[in-house]
Amino acid sequence: MKVGYLGPEATFTHGAVQAFFSGKESIPYATIPDCMDAVAKGEITCAVVPLENAIEGSVNITIDYLVHEQPLHIVGEIAVPIKQHLAVHPINADNWRNVERVLSHPHALAQCHKFLHTYVHGAVLEQMTSTSAGAKYVAEHEGECIAAVCNEFAVEHYGLQIVAHDIHTYKGNYTRFIILAKGEEALSHAFIPYTGEKSTWMITLPFNQAGALHQVLSAFSWRKLNLSKIESRPMKTGLGNYFFLIDVEQTWDEVLMRGAKEELEALGCGVTIIGRYSCYVLHTEMENSPSM
Ligand SMILES: O=C(O)C(=O)Cc1ccccc1
(Lines give C-alpha, C1' and ligand atoms only; values in the text may rest on other atoms or scores of the structure.)
Protein backbone atom coordinates (compact mmCIF):
# COMPACT_ATOMS: atom_id res chain seq x y z
CA MET A 1 0.00 0.00 0.00
CA LYS A 2 1.33 3.46 -0.96
CA VAL A 3 -0.04 6.57 0.74
CA GLY A 4 0.35 10.05 -0.72
CA TYR A 5 0.28 13.25 1.30
CA LEU A 6 0.66 16.99 0.98
CA GLY A 7 4.43 17.41 1.24
CA PRO A 8 7.27 18.03 1.43
CA GLU A 9 8.26 15.85 4.38
CA ALA A 10 7.17 16.95 7.89
CA THR A 11 3.87 18.66 7.09
CA PHE A 12 1.02 18.20 9.55
CA THR A 13 -0.45 15.90 6.90
CA HIS A 14 2.73 13.80 6.95
CA GLY A 15 2.39 13.54 10.75
CA ALA A 16 -1.17 12.27 10.35
CA VAL A 17 0.02 9.71 7.77
CA GLN A 18 2.82 8.48 10.04
CA ALA A 19 0.35 7.96 12.87
CA PHE A 20 -2.42 6.34 10.83
CA PHE A 21 -0.38 4.38 8.28
CA SER A 22 2.75 3.62 10.29
CA GLY A 23 4.97 1.13 8.47
CA LYS A 24 3.38 1.85 5.06
CA GLU A 25 5.24 3.52 2.20
CA SER A 26 4.37 7.21 2.03
CA ILE A 27 5.01 9.62 -0.83
CA PRO A 28 4.98 13.44 -0.63
CA TYR A 29 3.29 15.52 -3.36
CA ALA A 30 3.76 19.25 -3.83
CA THR A 31 0.08 20.18 -3.90
CA ILE A 32 -3.32 18.85 -2.87
CA PRO A 33 -4.46 18.38 -6.52
CA ASP A 34 -1.22 16.46 -7.20
CA CYS A 35 -2.13 14.07 -4.34
CA MET A 36 -5.60 13.51 -5.77
CA ASP A 37 -4.38 13.05 -9.34
CA ALA A 38 -1.89 10.44 -8.09
CA VAL A 39 -4.75 8.42 -6.57
CA ALA A 40 -6.78 8.67 -9.76
CA LYS A 41 -3.77 7.54 -11.85
CA GLY A 42 -3.19 4.58 -9.52
CA GLU A 43 0.30 5.74 -8.46
CA ILE A 44 -0.82 5.49 -4.83
CA THR A 45 -3.61 3.60 -3.04
CA CYS A 46 -4.90 6.60 -1.14
CA ALA A 47 -4.03 10.18 -0.26
CA VAL A 48 -4.31 12.20 2.93
CA VAL A 49 -5.15 15.89 2.54
CA PRO A 50 -6.37 18.64 4.89
CA LEU A 51 -10.10 19.42 4.69
CA GLU A 52 -10.97 21.79 7.50
CA ASN A 53 -9.36 23.69 10.34
CA ALA A 54 -11.12 24.63 13.56
CA ILE A 55 -9.87 28.24 13.36
CA GLU A 56 -9.65 28.94 9.67
CA GLY A 57 -12.46 26.81 8.22
CA SER A 58 -12.39 24.76 5.06
CA VAL A 59 -9.46 24.16 2.76
CA ASN A 60 -11.32 25.21 -0.37
CA ILE A 61 -8.93 23.67 -2.87
CA THR A 62 -9.58 20.22 -1.34
CA ILE A 63 -13.37 20.59 -1.62
CA ASP A 64 -13.32 22.19 -5.04
CA TYR A 65 -10.87 19.77 -6.63
CA LEU A 66 -12.81 16.84 -5.21
CA VAL A 67 -16.15 18.12 -6.49
CA HIS A 68 -15.14 19.66 -9.82
CA GLU A 69 -12.06 17.80 -10.99
CA GLN A 70 -11.23 14.51 -9.30
CA PRO A 71 -14.25 12.63 -7.92
CA LEU A 72 -12.60 10.31 -5.37
CA HIS A 73 -14.21 8.80 -2.27
CA ILE A 74 -13.59 9.82 1.33
CA VAL A 75 -12.68 6.58 3.12
CA GLY A 76 -11.58 7.96 6.51
CA GLU A 77 -11.05 11.04 8.63
CA ILE A 78 -8.25 11.90 11.05
CA ALA A 79 -8.55 14.94 13.33
CA VAL A 80 -5.19 16.25 14.50
CA PRO A 81 -4.34 18.87 17.13
CA ILE A 82 -2.30 21.66 15.58
CA LYS A 83 0.47 23.54 17.35
CA GLN A 84 2.25 26.24 15.40
CA HIS A 85 5.73 27.57 16.17
CA LEU A 86 7.85 30.36 14.76
CA ALA A 87 11.15 28.92 13.55
CA VAL A 88 14.27 30.37 11.95
CA HIS A 89 17.61 29.16 10.71
CA PRO A 90 19.79 28.77 13.87
CA ILE A 91 22.15 31.52 12.71
CA ASN A 92 19.22 33.97 12.82
CA ALA A 93 17.97 32.91 16.26
CA ASP A 94 18.99 36.13 18.04
CA ASN A 95 17.65 38.31 15.27
CA TRP A 96 14.16 36.86 14.84
CA ARG A 97 12.31 40.08 15.78
CA ASN A 98 13.74 41.60 12.59
CA VAL A 99 12.58 38.94 10.14
CA GLU A 100 11.48 40.45 6.86
CA ARG A 101 9.28 37.58 5.66
CA VAL A 102 7.33 34.80 7.34
CA LEU A 103 6.62 31.77 5.18
CA SER A 104 3.90 29.17 5.66
CA HIS A 105 0.66 27.64 4.48
CA PRO A 106 -2.09 30.34 4.36
CA HIS A 107 -4.08 28.55 7.08
CA ALA A 108 -1.07 28.47 9.39
CA LEU A 109 -0.38 32.19 8.85
CA ALA A 110 -4.03 32.97 9.58
CA GLN A 111 -4.02 30.78 12.71
CA CYS A 112 -1.17 32.90 14.09
CA HIS A 113 -2.18 36.35 12.86
CA LYS A 114 -2.32 37.87 16.37
CA PHE A 115 1.21 36.78 17.25
CA LEU A 116 2.59 37.81 13.84
CA HIS A 117 0.81 41.15 13.98
CA THR A 118 2.19 41.84 17.46
CA TYR A 119 5.75 40.51 17.35
CA VAL A 120 6.88 40.65 13.72
CA HIS A 121 4.72 43.52 12.60
CA GLY A 122 5.67 44.63 9.12
CA ALA A 123 7.10 41.29 8.03
CA VAL A 124 5.65 40.13 4.72
CA LEU A 125 3.51 37.00 5.17
CA GLU A 126 4.36 34.74 2.27
CA GLN A 127 2.04 31.90 1.34
CA MET A 128 3.59 28.52 0.62
CA THR A 129 1.98 25.25 -0.47
CA SER A 130 2.48 23.84 3.06
CA THR A 131 4.02 24.66 6.43
CA SER A 132 7.01 22.42 5.79
CA ALA A 133 7.58 23.96 2.33
CA GLY A 134 8.15 27.19 4.30
CA ALA A 135 10.42 25.43 6.79
CA LYS A 136 12.44 23.85 3.98
CA TYR A 137 12.87 27.20 2.22
CA VAL A 138 14.05 28.86 5.46
CA ALA A 139 16.56 26.05 6.04
CA GLU A 140 17.94 26.43 2.52
CA HIS A 141 18.28 30.26 2.67
CA GLU A 142 20.29 30.98 5.79
CA GLY A 143 21.46 34.31 4.36
CA GLU A 144 17.90 35.69 4.37
CA CYS A 145 16.34 37.05 7.54
CA ILE A 146 13.15 34.98 7.31
CA ALA A 147 11.05 32.69 9.49
CA ALA A 148 8.62 29.81 9.02
CA VAL A 149 5.43 28.97 10.88
CA CYS A 150 5.50 25.20 11.22
CA ASN A 151 5.30 22.20 13.55
CA GLU A 152 8.05 20.63 15.68
CA PHE A 153 8.43 17.76 13.22
CA ALA A 154 9.52 20.24 10.49
CA VAL A 155 11.80 22.11 12.89
CA GLU A 156 13.68 18.90 13.61
CA HIS A 157 13.56 17.57 10.07
CA TYR A 158 14.99 20.73 8.47
CA GLY A 159 17.35 21.73 11.32
CA LEU A 160 15.59 24.95 12.31
CA GLN A 161 15.28 26.56 15.73
CA ILE A 162 12.03 27.52 17.45
CA VAL A 163 12.07 31.13 18.63
CA ALA A 164 8.44 31.26 19.78
CA HIS A 165 6.33 28.26 20.81
CA ASP A 166 2.58 27.78 20.40
CA ILE A 167 1.89 30.98 18.50
CA HIS A 168 -1.58 29.99 17.22
CA THR A 169 -4.17 32.48 18.45
CA TYR A 170 -6.73 30.03 19.83
CA LYS A 171 -6.35 26.84 21.81
CA GLY A 172 -8.27 23.82 20.52
CA ASN A 173 -6.71 24.20 17.10
CA TYR A 174 -7.59 21.00 15.25
CA THR A 175 -7.47 20.11 11.57
CA ARG A 176 -9.59 17.42 9.91
CA PHE A 177 -7.69 15.41 7.34
CA ILE A 178 -9.50 13.12 4.93
CA ILE A 179 -8.26 9.92 3.34
CA LEU A 180 -9.20 9.73 -0.33
CA ALA A 181 -9.31 6.59 -2.46
CA LYS A 182 -10.72 5.40 -5.79
CA GLY A 183 -12.90 2.77 -4.16
CA GLU A 184 -15.62 3.36 -1.59
CA GLU A 185 -14.50 0.92 1.11
CA ALA A 186 -13.95 2.70 4.44
CA LEU A 187 -10.70 2.21 6.36
CA SER A 188 -10.47 1.38 10.03
CA HIS A 189 -7.71 1.58 12.62
CA ALA A 190 -7.43 -0.59 15.70
CA PHE A 191 -5.30 1.68 17.90
CA ILE A 192 -6.14 5.31 17.19
CA PRO A 193 -9.12 6.66 19.19
CA TYR A 194 -12.31 6.28 17.16
CA THR A 195 -14.89 9.08 17.31
CA GLY A 196 -17.75 7.76 15.15
CA GLU A 197 -19.16 7.34 11.67
CA LYS A 198 -19.92 10.03 9.13
CA SER A 199 -21.09 10.48 5.57
CA THR A 200 -20.44 13.49 3.33
CA TRP A 201 -23.15 14.53 0.86
CA MET A 202 -22.78 16.87 -2.11
CA ILE A 203 -26.10 18.46 -2.92
CA THR A 204 -27.17 20.84 -5.67
CA LEU A 205 -30.49 22.67 -5.40
CA PRO A 206 -33.17 22.95 -8.09
CA PHE A 207 -32.76 26.25 -9.95
CA ASN A 208 -34.06 29.36 -8.20
CA GLN A 209 -36.73 27.65 -6.10
CA ALA A 210 -37.89 29.42 -2.95
CA GLY A 211 -37.41 27.37 0.22
CA ALA A 212 -35.28 24.68 -1.47
CA LEU A 213 -32.57 24.68 1.20
CA HIS A 214 -35.20 24.54 3.91
CA GLN A 215 -36.69 21.44 2.25
CA VAL A 216 -33.25 19.83 2.02
CA LEU A 217 -32.61 20.37 5.71
CA SER A 218 -36.02 19.08 6.67
CA ALA A 219 -35.35 15.79 4.80
CA PHE A 220 -32.55 15.25 7.31
CA SER A 221 -34.23 16.76 10.33
CA TRP A 222 -37.49 14.77 10.42
CA ARG A 223 -35.40 11.58 10.14
CA LYS A 224 -33.34 12.83 13.10
CA LEU A 225 -30.16 12.63 11.02
CA ASN A 226 -27.62 14.75 12.87
CA LEU A 227 -25.68 17.19 10.68
CA SER A 228 -22.20 18.21 11.85
CA LYS A 229 -21.32 20.50 8.97
CA ILE A 230 -23.00 22.41 6.17
CA GLU A 231 -20.99 24.45 3.76
CA SER A 232 -21.82 26.18 0.50
CA ARG A 233 -19.32 26.59 -2.33
CA PRO A 234 -19.75 28.25 -5.71
CA MET A 235 -20.72 25.94 -8.58
CA LYS A 236 -18.39 28.08 -10.74
CA THR A 237 -21.17 28.40 -13.31
CA GLY A 238 -22.20 31.96 -12.45
CA LEU A 239 -22.96 34.27 -9.57
CA GLY A 240 -25.50 32.91 -7.11
CA ASN A 241 -25.04 29.21 -8.05
CA TYR A 242 -23.88 27.06 -5.13
CA PHE A 243 -23.57 23.45 -4.11
CA PHE A 244 -23.79 22.31 -0.51
CA LEU A 245 -21.54 19.88 1.32
CA ILE A 246 -23.31 18.30 4.26
CA ASP A 247 -21.81 15.93 6.83
CA VAL A 248 -24.19 13.52 8.52
CA GLU A 249 -22.82 12.31 11.80
CA GLN A 250 -24.04 8.79 12.36
CA THR A 251 -23.60 5.21 11.20
CA TRP A 252 -24.91 4.65 7.69
CA ASP A 253 -28.54 3.51 7.91
CA GLU A 254 -29.66 2.09 4.58
CA VAL A 255 -33.39 2.76 5.08
CA LEU A 256 -33.10 6.26 6.55
CA MET A 257 -30.28 7.52 4.36
CA ARG A 258 -31.57 6.05 1.13
CA GLY A 259 -34.96 7.58 2.02
CA ALA A 260 -33.35 10.99 2.53
CA LYS A 261 -31.47 10.71 -0.78
CA GLU A 262 -34.61 9.73 -2.70
CA GLU A 263 -36.61 12.53 -1.09
CA LEU A 264 -33.95 15.06 -2.07
CA GLU A 265 -33.84 13.75 -5.64
CA ALA A 266 -37.64 13.95 -5.83
CA LEU A 267 -37.31 17.63 -4.89
CA GLY A 268 -35.07 18.14 -7.93
CA CYS A 269 -31.75 18.15 -6.04
CA GLY A 270 -28.58 16.50 -7.32
CA VAL A 271 -27.18 14.21 -4.60
CA THR A 272 -23.77 12.52 -4.53
CA ILE A 273 -22.54 10.67 -1.45
CA ILE A 274 -18.80 11.45 -1.44
CA GLY A 275 -18.03 8.98 1.34
CA ARG A 276 -19.24 6.94 4.29
CA TYR A 277 -16.37 6.55 6.68
CA SER A 278 -14.99 6.18 10.21
CA CYS A 279 -13.45 9.12 12.09
CA TYR A 280 -10.37 9.07 14.33
CA VAL A 281 -8.60 11.64 16.45
CA LEU A 282 -4.94 11.93 17.39
CA HIS A 283 -4.50 13.28 20.91
CA THR A 284 -0.89 14.33 20.73
CA GLU A 285 0.61 16.56 18.06
CA MET A 286 2.32 13.69 16.29
CA GLU A 287 1.02 10.49 17.83
CA ASN A 288 2.82 7.31 16.81
CA SER A 289 0.93 4.07 16.96
CA PRO A 290 1.29 0.44 15.93
CA SER A 291 0.35 -0.36 12.33
CA MET A 292 -3.24 -0.77 11.17
O1 LIG B 1 0.95 22.64 5.61
C2 LIG B 1 0.83 21.62 6.32
O3 LIG B 1 1.64 21.24 7.17
C4 LIG B 1 -0.38 20.83 6.13
O5 LIG B 1 -0.40 19.67 6.36
C6 LIG B 1 -1.63 21.60 5.80
C7 LIG B 1 -2.04 22.31 7.05
C8 LIG B 1 -1.75 23.65 7.18
C9 LIG B 1 -2.11 24.30 8.36
C10 LIG B 1 -2.70 23.61 9.38
C11 LIG B 1 -2.98 22.28 9.24
C12 LIG B 1 -2.64 21.61 8.06
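Keep in mind the model is a prediction, meaning the values are calculated, not measured.

1. Structural notes on the UniProt feature "domain: Prephenate dehydratase" (unreviewed entry) in the chain
Right, on to step 1. Sequence positions flagged by UniProt for "domain: Prephenate dehydratase" (unreviewed entry) are, in local numbering, residues 2–182.
Right, on to step 2. Counted over residues 2–182, helix gives 33% and strand 32%. Its end C-alpha atoms are 13 Å apart.

2. A closer look at empty space enclosed by the protein
Right, on to step 1. Within the structure shown, the criterion is met by two cavities of 30 Å³ or more.
Right, on to step 2. Counted as a void, the largest cavity has a volume near 200 Å³.
Right, on to step 3. Around the largest cavity, the lining is made up of 17 residues, and of these Phe12, Pro50, His105, His107 and Thr175 lie nearest the centre.
Right, on to step 4. Residue assignment for the lining of the largest cavity shows that the elements contributing at least two residues are helix H1 (12–20), strand S3 (46–53), helix H4 (106–111) and strand S11 (174–181).
Right, on to step 5. Tallying contributions element by element places H4 first for the lining of the largest cavity, with three residues.
Right, on to step 6. Of the residues assigned to the lining of the largest cavity, the class counts are seven nonpolar, ten polar and no charged.
Right, on to step 7. Mapping the lining of the largest cavity onto the domain boundaries places at least three of its residues in each of domain 1 (2–81 + 174–281) and domain 2 (85–164).

3. A word on the side chain of Thr200
Right, on to step 1. In this structure, Thr200 sits in strand S12 (residues 194–204).
Right, on to step 2. On the basis of relative accessible area, Thr200 is assigned to the buried category, the value being 4%.
Right, on to step 3. Among the polar contacts listed, one links the side chain of Thr200 to the side chain of Asp247, at a separation of 2.8 Å.
Right, on to step 4. Here the side chain of Thr200 touches Tyr277 through a polar contact of 2.7 Å, side chain to side chain.
Right, on to step 5. With residues near it in sequence (within four places) discarded, Thr200 still touches Ile74, Leu245, Ile246, Asp247, Thr272, Ile273, Ile274, Gly275 and Tyr277.

4. Remarks on the packing of aromatic side chains
Right, on to step 1. As enumerated under the stated definition, the model contains seven aromatic pairs in all.
Right, on to step 2. Relative to Tyr280, the ring of Phe20 has its centre 5.4 Å away and its plane inclined at 65°; by these criteria the two rings are edge-to-face. Within this pair, whereas Phe20 is found in helix H1, its partner Tyr280 is found in strand S15 (residues 270–281), the two being separated by 260 residues in sequence. Per residue, the accessibility class of Phe20 equals that of Tyr280, and both read buried.
Right, on to step 3. Here the basic side chain of Arg276 rests over the ring of Trp252, its NZ or CZ set 3.9 Å away from the ring centre.

5. Some remarks on the packing of helix H8 (residues 212–221) against helix H9 (residues 254–266)
Right, on to step 1. Running from N to C, H8 and H9 point in directions that differ by 160°, and their axes come no closer than 9 Å. By the criterion of interaxial angle, the relationship of H8 to H9 is roughly antiparallel. For the pair H8 and H9, the sense of crossing is right-handed. On the side of H8, the interface is formed by Val216, Ala219 and Phe220, while H9 contributes Ala260, Glu263 and Leu264.
Right, on to step 2. Class assignment of the residues belonging to the contact of H8 with H9 gives a composition of five nonpolar, no polar and one charged.

6. Quick notes on the site of the ligand
Right, on to step 1. Taken together, 14 residues are adjacent to the ligand, and Thr11, Phe12, Thr13, Ser130 and Thr131 come closest.
Right, on to step 2. Between Phe12 and the ligand, the recorded distance is 2.9 Å, taken from a backbone N or O atom to an oxygen atom.
Right, on to step 3. For the ligand, an oxygen atom lies 2.5 Å from a polar atom in the side chain of Thr13.
Right, on to step 4. For the ligand, whose free accessible area comes to 310 Å², the fraction covered by protein is 98%.
Right, on to step 5. Among the detected pockets, the ligand sits in the largest cavity.
Right, on to step 6. Going through the elements one at a time, H1, H4 and S11 are the ones with two or more residues in the shell around the ligand.
Right, on to step 7. When its residues are assigned to classes, the shell around the ligand shows five nonpolar, nine polar and no charged.
Right, on to step 8. Here the shell around the ligand gathers at least three residues from each of two domains, domain 1 (2–81 + 174–281) and domain 2 (85–164).

7. Brief notes about the layout of surface pockets
Right, on to step 1. The space that makes up the largest pocket amounts to roughly 220 Å³.
Right, on to step 2. In terms of lining, the largest pocket is formed by 13 residues, of which the most central are Leu205, Pro206, Asn208, Gly240 and Tyr242.
Right, on to step 3. Among the secondary structure elements, those contributing two or more residues to the lining of the largest pocket are H8 and strand S14 (242–248).
Right, on to step 4. For the lining of the largest pocket, the class distribution of residues is eight nonpolar, five polar and no charged.

Conventions adopted
- Along every chain, residues carry numbers that run from 1 in the direction the sequence is written.
- In keeping with the predicted nature of the model, local features appear solely for residues at pLDDT of at least 70, side-chain atom pairs appear and are counted solely at 80 or more, and the whole-chain, interface and lining totals rest on all residues.
- As a rule here, side-chain values come from all non-hydrogen atoms in the structure, and water together with hydrogens is ignored.
- UniProt positions are given in the numbering used here, feature names are shortened, and annotations may be inferred rather than shown by experiment.
- Secondary structure counts use DSSP, requiring at least four H or I residues in a row for a helix and at least two E residues in a row for a strand, with both numbered from the N terminus.
- In the cavity and pocket records, a cavity denotes points on a 1 Å grid over the protein atoms alone where a 1.4 Å probe fits but cannot get out, a pocket denotes an open set with protein on both sides within 12 Å along at least 5 of 7 lines, and lining residues are residues with an atom within 4 Å of a point.
- Grid points are joined across faces, edges and corners, and a volume is the space filled by probe spheres set on the points.
- By the convention adopted, Pro, Cys, Tyr, Trp, Phe, Met, Ile, Leu, Val and Ala count as nonpolar, Lys, Arg, Asp and Glu as charged, and the other residues, Gly among them, as polar.
- These domain boundaries are the output of an automatic or database domain assignment.
- Buried, partly exposed and exposed residues are distinguished by accessible area as a fraction of the type maximum, computed with a 1.4 Å probe on protein chains only: under 20%, between the cut-offs, and over 50%, respectively.
- Whenever two N or O atoms come within 3.5 Å, that pair is a polar contact, provided that in protein one can donate a hydrogen and the other can accept it, and provided that, for residues adjacent in sequence, both atoms are side-chain atoms.
- By the convention used here, residues are in contact when the closest approach between their heavy atoms is within 4.5 Å.
- Between the rings of Phe, Tyr and Trp (Trp by its six-membered ring), a pair exists once the centres lie within 6.5 Å; its type follows the angle of the planes, with under 30 degrees stacked, over 60 edge-to-face, and the other angles tilted.
- Only lysine NZ and arginine CZ atoms are considered, and such an atom sits over a ring when it is within 6 Å of the ring centre and within 35 degrees of the ring normal.
- The axes are straight lines fitted to the C-alpha atoms, using for helices just the contacting stretch, and the angles between their N-to-C directions are given from 0 to 180°.
- Here the angle decides the label: under 35 degrees means roughly parallel, over 145 means roughly antiparallel, 65 to 115 means roughly perpendicular, and every other value means oblique.
- By convention the crossing between two helices is left-handed if the near helix lies anticlockwise of the far one by an angle smaller than a right angle, and right-handed if it lies clockwise.
- Think of it this way: one heavy atom of a residue within 4 Å of a molecule or strand is enough to make that residue near it.
- For accessible areas, the Shrake-Rupley method is used with a probe of radius 1.4 Å. Any residue's cover is judged against the shown protein chains and nothing else.
- Assignment of a molecule to a cavity or pocket requires that more than half of its atoms lie within 2 Å of the corresponding grid points.

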